[in-house]
Amino acid sequence: MATSTDRRVAIIGSGMGGLTACLAFAKKGFRHIDVYESALGLGFVGAGIQIAPNLIRVLDRLGCWDGSTVEKEGTRVSEAIVLDGATNAEMMRTDMSGLCDKYGYPHYAGHRASLAGTLYEAALKEPNVRFHFGETLQDVTSFAPGRVNFVIKSRDGESRTMNADILIGADGIKSVVRTTLLRELGLHGQVKETGQAAYRILLTRRELEPYPELLSFLDSNAVRRWIGEKRHVICYPIDDHRIYNISTCQPDVNFAGTANTTWTTKGSKKQMMDTFSDFNPLIKQMLSLVPDGEVVEWRMRSHTPLDEWTHGGVALIGDACHPTLPHLSQGAAMSIEDGATVAEVVGLLFDTEGAGAGWEAVTKALKVYHLLRKDRTATIVEMAAFSGRVLHLGEGAAKVERDRQFANTKGGKGANPDKWLDPEVQQMVYGHDCIKEVRERFEELFSSM
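Residues numbered from 1 in each chain as written. Predicted model: local features only at pLDDT ≥ 70, side-chain atom pairs only at ≥ 80, totals over all residues. Heavy atoms only, no water.

- By the naming in an unreviewed UniProt entry, the protein chain is FAD-binding domain-containing protein, taken from Stachybotrys elegans.
- Word for word, the UniProt comment on the protein chain under Sequence similarities (unreviewed entry) is "Belongs to the paxM FAD-dependent monooxygenase family." (UniProt positions renumbered as here; feature names shortened; annotations may be inferred.)

Shown next, in the form of structure tokens:
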């Protein structure tokens, strides 16, 4: 006789959310978990990523934090410093060393590839998780739980119809699952231009050695953010202090084409230098070290808010339903929380009702997942956008007030204009335990539907 854990779970996409979801479903005892990824393999690339306490909490629950590569090679952040982009004058400094005592986990900075690799290696150890590379979703043709039908195109061009009991759309901001779900519901949504772009830069120790002050940044445990009108630069050491990660934000003026063209482009070093020409000499020195031909500019996009993330046996997670600007350093964390939450909700349903749980109950459980996540993610999306607007203020009364608030944050007290460093925001973001919330609220929310 089939049991609840014989339910088939298909996951589209193997980014942070998809990897977390497949691992979390496996930990809940599900025996048939298939991950479909359009790339031919997970050759992890990318730059640095901030790994906040709420993200580490999920990794720890999944058994893949202690002793992991991302823990061993990451930087345990001890302080954050905000500086004026033009003058290099310090505007505020916050001690981050006490976060572990307060929230149970510290704040790290690491390489995105290390974080993804940690999740992937943990998933590979689960015998019930299977990865299918070079397999691209083309359509979802049935959304009914227990008989979700979807069309996959393989790397050799062959299309075939697959089925699953539950399908998780973890396929990012370009999500095909989202497109088909909205079409099925008669709803509309669109990718939105934010008007912002980013340069992502990795400088090695060898490149920084001739510059003692820059080398001291690499050897520190500090995150530094330089701010100016419509722009900022944020930097921190990663990879066991072997690499200095630099990420910028600036107006998106170098792209041509419409929203369906490439999302990254090889950038011009001259344009990059011109963009930050009025920043202080340290910033210009760092940017000048980027080899010609290796400048990459990343276009930041968002999506109109979605009224529905689920339909039948299909649910969206991560950037597929709530893409987030990076100014709060929570985009990957929200995807990871989503992946853990949806698996916990479905697992708890079957733990409670057993193999006899009907398909209507699965539909309701996925809606509970949406209810649990929508307000938190909406708040973080808006707060990240707000923080970006405040950090990028030009001359005027609003900037004067912002700078006054920075000056009043000595010792980490008081409201901080950089919301990533604001104590109340940190309490809301870092203190959250997504799994605990599911266990405390599932029965109430499920019964109310």
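Next comes the rest of the description.
**Thoughts on helix 5 (residues 112-124)**
The periodicity of an α-helix, 3.6 residues per turn, causes residues three or four places apart in sequence to face the same way.
Move 1: Here helix 5 contains 13 residues, and its C-alpha end-to-end distance of 18 Å stays within 8% of the 18 Å for a straight helix at 1.5 Å per residue.
Move 2: Counting buried residues along helix 5, 10 of its 13 residues qualify, which places the element largely inside the surrounding structure.
Move 3: Taken residue by residue, helix 5 has Ala113, Ser114, Leu115, Ala116, Gly117, Thr118, Leu119, Tyr120, Ala122 and Ala123 as its buried positions. (Helix = DSSP H or I, 4+ residues; strand = E, 2+ residues; numbered from the N terminus. Expected span 1.5 Å × (residues − 1). Buried < 20%, exposed > 50% of the residue type's maximum accessible area, 1.4 Å probe, protein only.)

**Considering the sheet that holds strand 8 (residues 129-133)**
Move 1: Taken in spatial order, the six strands line up as 8-2-1-12-20-19 in an open sheet, and their pairing is mixed. Of all strands in the sheet, those with a lone pairing partner are strand 8 and strand 19 (310-311), marking the two edges. (Pairing = 2+ DSSP bridges.)

**Quick notes on empty space enclosed by the protein**
Move 1: Overall, the coordinates contain one cavity of 30 Å³ or more when judged by the stated rule.
Move 2: Each pocket or cavity is described by its volume, and for the largest cavity that value is around 30 Å³.
Move 3: Forming the walls of the largest cavity are Leu328, Gln330, Lys419, Trp420, Val425, Gln426, Val429 and Tyr430. (1 Å grid on protein atoms, 1.4 Å probe; cavity = no way out; pocket = protein on both sides within 12 Å on 5 of 7 lines; lining within 4 Å. Points joined across faces, edges and corners; volume = space filled by probe spheres on them.)

**Concerning the layout of surface pockets**
Move 1: One number sums up the size of the second largest pocket: a volume of about 540 Å³.
Move 2: Contributing to the lining of the second largest pocket are 26 residues, with Ser302, His303, Pro305, Pro323 and Val381 lying nearest its centre.
Move 3: Counting only elements with at least two residues in the lining of the second largest pocket, the list comes to strand 13 (191-204), strand 18 (296-303) and helix 12 (359-391).

**Some details on the state of the cysteines**
Move 1: According to the stated counting rule, one finds zero disulfides in the structure shown.
Move 2: Unpaired in terms of disulfides, cysteine 22 finds its nearest cysteine sulfur in cysteine 64, a separation of 10 Å.
Move 3: A disulfide-free cysteine, cysteine 100 has its sulfur positioned 17 Å from the sulfur of cysteine 64, the nearest such atom.
Move 4: Taking the relative accessible area as the measure of exposure, cysteine 100 reaches 23% and is therefore partly exposed. (Disulfide = S-S within 2.5 Å.)

**Thoughts on the side chain of arginine 231**
Move 1: Summarising the element assignment, arginine 231 is placed in strand 15 (residues 231-238).
Move 2: Of note is the side chain of arginine 231, whose polar atom sits 2.8 Å from the backbone oxygen of glutamate 229.
Move 3: What arginine 231 contacts, discounting residues up to four positions off in sequence, is Trp226, Cys249, Gln250, Pro251, Thr275, Phe276, Asp278, Phe279 and His392. (Polar contact = N/O pair within 3.5 Å; in protein donor to acceptor, adjacent residues only side chain to side chain. Contact = heavy atoms within 4.5 Å.)

**Quick look at the pattern of salt bridges**
Move 1: According to the stated counting rule, one finds 33 salt bridges in the structure shown.
Move 2: A salt bridge links arginine 231 to aspartate 278; its shortest N-O distance comes to 2.6 Å. Of this pair, arginine 231 sits in strand 15 while aspartate 278 sits in the loop between helix 9 (269-275) and helix 10 (281-288), and the two are 47 residues apart along the sequence.
Move 3: Residue class for arginine 231 comes out buried when judged on its relative accessible area of 10%.
Move 4: The partner of aspartate 239 in a salt bridge is arginine 242, and the shortest N-O contact between them spans 3.2 Å.
Move 5: Overall, arginine 242 belongs to the partly exposed group, its relative accessible area being 39%.
Move 6: Taken together, the salt bridges that share partners define one network made up of Lys28, Glu344, Asp351 and Arg439. (Salt bridge = Lys/Arg side-chain N within 4 Å of Asp/Glu carboxyl O.)

**Description of the side chain of arginine 373**
Move 1: Inspection of the secondary structure puts arginine 373 in helix 12.
Move 2: On the basis of relative accessibility, which here comes to 1%, the residue arginine 373 falls in the buried class.
Move 3: Those residues in contact with arginine 373 that sit more than four places away from it in its chain are Trp309, Met334, Glu337, Asp338, Thr341, His432 and Cys434.

**Let's talk about the sheet that holds strand 10 (residues 148-153)**
Move 1: The strand order 9-10-11 describes an open sheet built from three strands, whose pairing is antiparallel. Edge positions in the sheet fall to strand 9 (136-142) and strand 11 (159-164), since each of these pairs with one other strand and no more. Strand-to-strand twist of the sheet, defined as the mean angle between neighbouring strand axes without regard to direction, takes the value 30°.
Move 2: Alignment of strand 10 against strand 11, held across six bridges, turns out to be antiparallel. Within strand 11, the residue paired with lysine 153 across the bridge is serine 159. (Axes fitted to C-alpha atoms, helices over the stretch in contact; angles between N-to-C directions.)

**Thoughts on the packing of aromatic side chains**
Move 1: One pass over the structure, following the stated rule, counts 13 aromatic pairs.
Move 2: Centroid distance tyrosine 36 to phenylalanine 150: 5.6 Å. Interplanar angle 75°. Geometry classified as edge-to-face. Remark: phenylalanine 150 occurs in strand 10 and tyrosine 36 occurs in strand 2 (residues 32-37); sequence separation between them is 114 residues. No difference in accessibility class separates tyrosine 36 from phenylalanine 150, as the two residues are buried.
Move 3: Taking 5.3 Å as the distance between ring centres and 25° as the angle between the ring planes, the aromatic pair formed by phenylalanine 442 and phenylalanine 446 counts as stacked. With phenylalanine 442 and phenylalanine 446 both in helix 15 (residues 434-447) and four residues apart, this pair spans about one turn of that helix. Phenylalanine 446 shares its class with phenylalanine 442; the two are buried. (Phe/Tyr/Trp six-rings, centres within 6.5 Å; stacked < 30°, edge-to-face > 60°.)

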